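# Structure assessment
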Amino acid sequence: MRRDPLDFLARLARDHGDVAHFRMAGLDLWLLADPEQIRDVLVTRQRQFVKSRALDRAKLLLGEGLLTSAGEHHLRQRRLAQPAFHRQRIAGYAVAMVDAGVGIRERWRAGETLDVAHEMMRVTLEIAGRTLFTSDVTGEAEEIGGALTDAMELFDIAVLPIAPIFMKLPLPRAIRFRRARARLDETIYRLIAERRVSGEDRGDLLSMLMLARDDEGDGTGMTDLQLRDEALTIFLAGHETTANALTWTWWLLANHPDAEARLHAEIDAVLGTRLPSSDDLPALPWTRMVLAESMRLYPPAWIIGRRTLEDYEAGGWPIATDSILLMSPWVTHRDERWWPDPERFDPNRWTTNAQESRPRFAYFPFGGGTRQCIGEQFAWMEGILLLATIAQRWRLRATTETRAEPHPLITLRARGVRLKLERR
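My aim in this report is to walk through the structure given alongside it, one point at a time. (Residues numbered from 1 in each chain as written. Predicted model: local features only at pLDDT ≥ 70, side-chain atom pairs only at ≥ 80, totals over all residues. Heavy atoms only, no water.)

Now for the nonpolar core. Ranked by size, the top nonpolar core spans 115 residues in total, and within it Trp108, Met120, Phe235 and Trp250 carry the most contacts. Contact partners of tryptophan 250, with chain neighbours within four places excluded, come to Val116, Met120, Leu386, Leu387, Ile390, Ala391, Leu396 and Leu419. In terms of nonpolar packing, the next biggest core, distinct from the first, is built from 15 residues, Trp30, Ile319, Leu325 and Phe361 among them. (Core = buried A, V, L, I, M, F, W, Y, C linked by side-chain atoms within 4.5 Å. Buried < 20%, exposed > 50% of the residue type's maximum accessible area, 1.4 Å probe, protein only. Contact = heavy atoms within 4.5 Å.)

Roughly 650 Å³ of internal volume is contained in the second largest pocket. Arg288, Gln355, Glu376, Gln377 and Trp380 are, among the 27 residues lining the second largest pocket, the residues nearest its centre. (1 Å grid on protein atoms, 1.4 Å probe; cavity = no way out; pocket = protein on both sides within 12 Å on 5 of 7 lines; lining within 4 Å. Points joined across faces, edges and corners; volume = space filled by probe spheres on them.)

Time to look at the sheet that holds strand β4 (residues 113–115). A sheet is described by the order of its strands in space; here 3 strands give the open sequence β4-β12-β9, paired in antiparallel fashion. The open sheet has two edge strands, β4 and β9 (394–398), and neither has a second partner. On average, each strand axis in the sheet is tilted by 45 degrees relative to the strand beside it, whichever way the strands run. Here 3 bridges tie β4 to strand β12 (residues 418–423), and the two strands are oriented antiparallel to one another. Each bridged residue has a counterpart across the sheet, and for threonine 113 the counterpart in β12 is lysine 420. (Pairing = 2+ DSSP bridges. Helix = DSSP H or I, 4+ residues; strand = E, 2+ residues; numbered from the N terminus. Axes fitted to C-alpha atoms, helices over the stretch in contact; angles between N-to-C directions.)

Moving on to the packing of helix α14 (residues 257–271) against helix α18 (residues 376–391). Where α14 contacts α18, the axes come no closer than 10 Å and their chain directions differ by 90 degrees. Here α18 runs roughly perpendicular to α14, going by the angle between their axes. Each of Leu263, His264, Ile267 and Leu271 in α14 lies in contact with α18, whose residues at this interface are Leu387, Ala388 and Ala391. (Parallel < 35°, antiparallel > 145°, perpendicular 65-115°, else oblique.)

Moving on, we come to the packing of aromatic side chains. For the structure shown, the criterion picks out 14 aromatic pairs. Their ring planes at 45 degrees and their centres at 6.0 Å tell us that phenylalanine 366 and tryptophan 380 sit as a pair that is tilted. One end of the pair, phenylalanine 366, is in the loop between α17 (352–356) and α18; the other, tryptophan 380, is in helix α18, with 14 residues separating them in the sequence. In this structure, phenylalanine 366 and tryptophan 380 share a single accessibility class: buried. Among the aromatic side chains, those forming a connected cluster through ring pairs are Trp248, Trp251, Tyr298 and Trp330. Against the face of tryptophan 330 rests arginine 334, its NZ or CZ located 3.7 Å from the ring centre. Arginine 358 extends its terminal NZ or CZ atom over the ring of tryptophan 350, reaching a point 4.7 Å from the ring centre. (Phe/Tyr/Trp six-rings, centres within 6.5 Å; stacked < 30°, edge-to-face > 60°. Lys NZ or Arg CZ within 6 Å of the ring centre and 35° of its normal.)

Rendered as structure tokens:
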């Protein structure tokens, strides 16, 4: 079980309040838990900070993509990528999302007990492939999923100064990482090359990235390397985080039959027997509230880090230049000041009045500021449409095999979520 980092952060906040200091690997680290402090770092004074060392080490896998790049390069890449995530463009991906949901619900059989995390990874990988590349990569799903896991599991050493050297050594873990990265590159570069040859605009995210020009800068587009970095970042973030959120959501619904019954009633009233579309999203508020509450309890991005470029003060504590500031949705989403009875699953926390009663950064599963997740609206639509499509047909039930253990890597994965299928 890999919950130790989560327990450690929770204990720090409980014992030391909104600002807690500790040292690790020769670094000064500060955990900030108060929403106003988090806003100050992510939004108000964001130019005083850069990404943390762990995220910087993620370049070993993701290169200079939106998640890892900084400064002017990050702003340029965000300008280039922004049109691909325009609200109208995202709405066009709804068909692929629903089609993938139909595909998985048709494959399932009543009475089966499934590894739900595996199933959600598979369906969101299919969606990522179709929306990013207009390509069906499900045939490679096992290999790609394994490569992502191998790469991500090595980030527990990413904060160490020796990480870049370690990754080059002929050691088993380093070799496994290099092989995983090569396997991912093989798929991404192949798809980029195919598109370069065809010159075809397929209306997918890759076409949008390839056609984008930096009109506010030098007028150029992305090189193959830049395309690789952005595509791999979107590929990882676009299926890994949503799969995690959905896995936890199914587990929570399996353990809260009243919330599940209300979800089914809403879906039946809005959709009947027809499939959902992007136009149905406003009519599915309870479905969205269930997903929001799931991401409160089990935020896919459980830790966010920044490094100070100058001396800083938080809660009266002086923080020196080159310190690491940590902000954890896992911790702040469980703060009793904003979330009474915080361990309780309660989608009613997401009524309009309830949301307006809390500080903005009491809830930040997608980060904030200029580095806020560019795919947030994509993720909301994907999660809601998949929940609605699958829940039209199935209930998922807990069994004696169900453990549901958090597994914090770069994202908060779930282990042991084995649920039994019951046809509605």
